[in-house]
Amino acid sequence: MGSTSTTTMAGQADGTTDGIIKTEFLVVGAGPAGAALACFLASYDLQGIMISAAPGTAHTPRAHITNLAALECLRDIGLDKEVNKVASSGERHMLHTRWCYSMAGEEFARIYSWGNDPRRKGDYQMASPCSPVDLPQTLLEPILVRHATWQGFTTRFDTTLLSFKEEGKYITASVRDNLSHAEYLIRTKFLFGADGARSQIVRQLNLPLSVQPGQGVAINVLVKADLTHLMAYREGNLHWVMQPDREHPSFGWMGIVRMVKPWNEWMFILFPEKGHSPKTPVSREEYLRRVRDFIGDDTPAEILDVSTWYINEIVAERYSQGKIFCLGDAVHRHPPLNGLGSNTCIQDAFNLAWKIAYVHRGLAAPSLLETYSTERQPVGHSIVTRANQALRDHHGIWSALGMLENDVEARCKALHELRQPTAAGQQRRRTLREAVTLTSHEFHGLGVEMNQRYAGMGVYDADEVQSYRLPGRAAEDPVLYHEPSTYPGCRLPHVWLNTAVPGELVSTIDLAGHGAFVLFTGIGGGNWKQAARHVADRLSVPMRSYSIGFRQDWEDVYFEWERVREVKETGAVLVRPDRYVAWRAVGSLGGVEACERKLEGVMRAILGLDT
């Protein structure tokens, strides 16, 4: 997607004053974080400007795994359908992750991935109405940018943020048009830094960063090669390639062959050996030879693009300052393992958008905006840690296959030992098996995707008699397993519901969200529904209410809501617009007035209206 016209932008914003373009919302960056934020803000009928220094949307695939949590955010504004039309399905194209000698050659090991393990499929299906897909960033970004533009966000590429300054209630940003080199000013009420790992906004705000030692560099080689003839028995979107018995170039010690388009476009991610300088010149011919080594047969291959990236472990210690908010790679930088990158960007945006909308409309106090950093920074810290640990978890596999030995002779010996009926061979095979099994934390990390829980002023847990503890299997392994809960701060559990005369199944996820608070109750909970109507009218806050149970608004057809609701039929579960549980009542408090007083008090506390 190229640059939009520069001549009409002022008219699509709020106009100009003394040559300064005015808007209420300025989003810097049009990647998954910035474009998603523009989409979510637009869903509240908010309009603004989105700029990007890039000439257009992503030209290389970059992020690709799109998980349940991110898809639920996109589902809220109806973009999940558009995403699924162009994405590669999980069952067909994401079945395995493999370790092999080459794409055409021998295989060392494989593991089911992304919800396809027969022992884990039910976990994924119970967790969400969505299913994981493989969606390259080259396909995701145009969907987001187009939707944001259609909904009222003026989008301008080839536009660089130079600096900004706060002036009273406003922020004035100085920007440069990279085509004309003209510089001009944009005045905004809110500034959003979604400008990536080299964020100018993070740098100018001097947000403190927690930086761990990096794990080197990697080289992305985008390749056109039709490998359809190899994929019938090698189903999967990630293939680690290791050739221990051969010499290797310093720029390509080992690599991952990642599906981009099944099965004729691939990203060859090369990991250089230690000591290789990213400044060392490498020709296209050298890269192509390494690509052909990894393919392993005479399949024609064409290099489309080459880029280098750093394996970072960095997270900002806070995400916002005043009316300036940062999100996405600007505040959390990590390798793509576990598929947490663009997914976390989208969830940052979803968390932030409803709070901005409520404060902007006067439905909440400005203090609500402080909960963005409070809630999302711990998430960013956890995903940065997990992604880097996932990379470290692969060391056991490399060791078992001999890849960590310094010379070919030692590597050949290690590889040969794998097939020997000796104690050493048995130990090496055990090491390989255990190391491959450990990667399930990367390839079936449902817990790290879905167990995110918020704490602080944005949720009300004062009525809870016990502190929160991860339930069930999630307590044993919070990375692998997700257990639904209605404890305040948890993600709303997904349950399929229907009507007494059966129709299409509806998820609790779809009843919630869409810019409103939602209150769920059950048989005997009519007072809560009346209270919700009265409180919504008094506070002018959008709020819906539903009764779930036998012959209620919605039927609990599989009795799953009864299993996960953790309150009585007469109780209530209040859900925020981002589908996180805000508060719950175990049962009825008596009459409508008592329920109303309690619910209003909770809402005022969450929205900061009592401060």
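Starting from 1, residues in each chain are numbered consecutively following that chain's sequence as written. Note on the predicted model: pLDDT of at least 70 is required for a residue's local features to be given, and 80 or more for side-chain atom pairs to be given and counted; whole-chain, interface and lining totals, by contrast, use all residues. Water and hydrogen atoms were dropped before computing side-chain values, which therefore reflect all heavy atoms in the structure.

Remarks on the overall build of the protein
1) Next: The numbering of helices and of strands both runs from the N terminus, where a helix is a DSSP run of H or I of at least 4 residues and a strand a run of E of at least 2. Assigned secondary structure in the protein consists of 21 helices and 30 strands.
2) Next: Radius of gyration (C-alpha) of the protein: 26 Å, near the 25 Å computed for a compact globule of 611 residues.
3) Next: Its C-alpha atoms put the protein at 80 × 65 × 40 Å along the principal axes.
4) Next: Burial classes: relative accessible area under 20% of the type maximum marks a residue as buried, over 50% as exposed, and values in between as partly exposed (1.4 Å probe, protein chains only). Buried positions account for 59% of the 611 residues belonging to the protein.
5) Next: Only the protein chains shown count as cover for residues, and all accessible areas are computed by the Shrake-Rupley method using a 1.4 Å probe. Roughly 24,600 Å² of accessible area belongs to the protein as shown, and the carbon and sulfur atoms make up 50% of that amount.
6) Next: Here the protein holds 64 positive side-chain charges and 69 negative ones, and the gap between their average locations is 1 Å. The globule rule used here is 2.2 Å times the number of residues to the 0.38 power, and the radius of gyration it is set against is calculated over C-alpha atoms. For the purpose of charge, His is not counted, nor are the chain termini; Lys and Arg are scored as positive and Asp and Glu as negative. Charge positions come from single atoms, namely NZ of Lys, CZ of Arg, CG of Asp or CD of Glu.

A short note on the side chain of serine 507
1) Next: Take serine 507: it is sitting in strand S26 (residues 506-507).
2) Next: Here a polar contact is recorded for every N or O atom pair within 3.5 Å, except that within protein the pair must consist of a potential hydrogen donor and a potential acceptor, and residues adjacent in sequence are included only if both atoms are side-chain atoms. A polar side-chain atom of serine 507 sits 2.7 Å from a polar atom in the side chain of histidine 494.
3) Next: Once you skip the residues sitting within four places of it in the chain, serine 507 turns out to touch Pro129, His494, Val495 and Trp496. Whether two residues are in contact is decided by their heavy atoms, any of which lying within 4.5 Å being enough.

A short note on the packing of helix H2 (residues 32-42) against helix H7 (residues 137-150)
1) Next: Convention adopted: a line fitted to C-alpha atoms gives each axis, helices being fitted over their contacting stretch, and angles between N-to-C directions are expressed from 0 to 180 degrees. Contact pair H2 / H7: the axes reach a minimum separation of 8 Å and the direction vectors enclose 30 degrees. The pairing of H2 with H7 is recorded here as roughly parallel in orientation. Crossing angle aside, the handedness with which H2 passes H7 is left-handed. On H7, the residues touching Pro32, Ala35, Ala36, Ala38 and Cys39 of H2 are Gln137, Leu140, Glu141, Leu144, Val145, His147 and Ala148.
2) Next: Throughout, the ten residues Ala, Val, Leu, Ile, Met, Phe, Trp, Tyr, Cys and Pro are labelled nonpolar, Asp, Glu, Lys and Arg are labelled charged, and all others, Gly among them, are labelled polar. When the residues that make up the contact of H2 with H7 are grouped by side-chain class, the tally is 9 nonpolar, 2 polar and 1 charged. Each angle gets one of four labels, with under 35 degrees taken as roughly parallel, over 145 as roughly antiparallel, 65 to 115 as roughly perpendicular, and the rest as oblique. Note on convention: near helix rotated counterclockwise from far helix by under a right angle means a left-handed crossing. Clockwise means right-handed.

A few points about the confidence of the model for the protein
1) Next: Residue-level confidence of the predictor, termed pLDDT, takes values from 0 up to 100. With 97% of its residues at a pLDDT of 70 or more, the protein has an overall mean of 94.
2) Next: In this model residues 1-13 is a low-confidence stretch, pLDDT under 50, and it forms 31 contacts with partners more than four residues away in sequence or in other chains.

Examining the domain arrangement of the protein
1) Next: The source of the domain bounds is an automatic or database domain assignment. What the domain assignment reports for the protein is domain 1 (20-86 + 131-208 + 316-373), domain 2 (388-445) and domain 3 (472-607).
2) Next: Counting residues at the interface gives 4 residues for domain 1 and 7 residues for domain 2.
3) Next: When two components associate, each loses some accessible surface as probed by a 1.4 Å sphere; the sum of these losses over both components is called the buried area. Taken over both partners, the interface formed by domain 1 and domain 2 buries close to 440 Å², and the fraction arising from carbon and sulfur atoms is 57%.
4) Next: Counting the surface domain 1 buries against domain 2, the share from its top three residues, Pro335, Leu337 and Asn338, is 94%.
5) Next: A side-chain nitrogen of Lys or Arg and a carboxyl oxygen of Asp or Glu constitute a salt bridge if their distance falls within 4 Å. There are 0 salt bridges connecting domain 1 and domain 2.
6) Next: Taken together, the residues that form the side of domain 1 that touches domain 2 break down as 2 nonpolar, 2 polar and no charged.

Points about the environment of glycine 216
1) Next: Structurally, glycine 216 can be placed in the loop between strand S15 (209-211) and strand S16 (217-224).
2) Next: Judged by relative accessible area, glycine 216 falls into the partly exposed class, the value being 38%.
3) Next: For the pair glycine 216 and tryptophan 309, spaced 93 residues apart in the sequence, the C-alpha separation amounts to 8.8 Å.

Focus on the pairing of strand S3 (residues 25-28)
1) Next: On S3, burial covers both faces: Phe25 and Val27 on one face and Leu26 and Val28 on the other are all buried.
2) Next: Bridge count between S3 and strand S14 (residues 190-193): 4 bridges; the pairing is parallel. Residue pairing for S14: valine 27 is matched across the bridge by phenylalanine 192.
3) Next: The handedness of a crossover follows from its direction of travel: if, with the strands pointing away from the viewer, the path from the first strand over the helix to the second runs clockwise, the crossover is right-handed. For the crossover from S3 across H2 to strand S4 (residues 49-51), the handedness is right-handed. Any two strands with at least two DSSP bridges between them are considered paired.

Side note on the sheet that holds S16
1) Next: Taken together, 7 strands build an open sheet; the order of strands is S8-S7-S17-S18-S19-S16-S20 and the sheet is mixed. Strands at the two margins of the open sheet, each flanked by one partner only, are strand S8 (107-112) and strand S20 (302-310). Across this sheet, the average inter-strand angle for adjacent strands is 20 degrees, counted without regard to direction.
2) Next: The sheet contact formed by strand S17 (residues 238-241) and strand S18 (residues 254-261) spans 4 bridges and is antiparallel. Counted as the bridge partner of tryptophan 240 is isoleucine 256 from S18.

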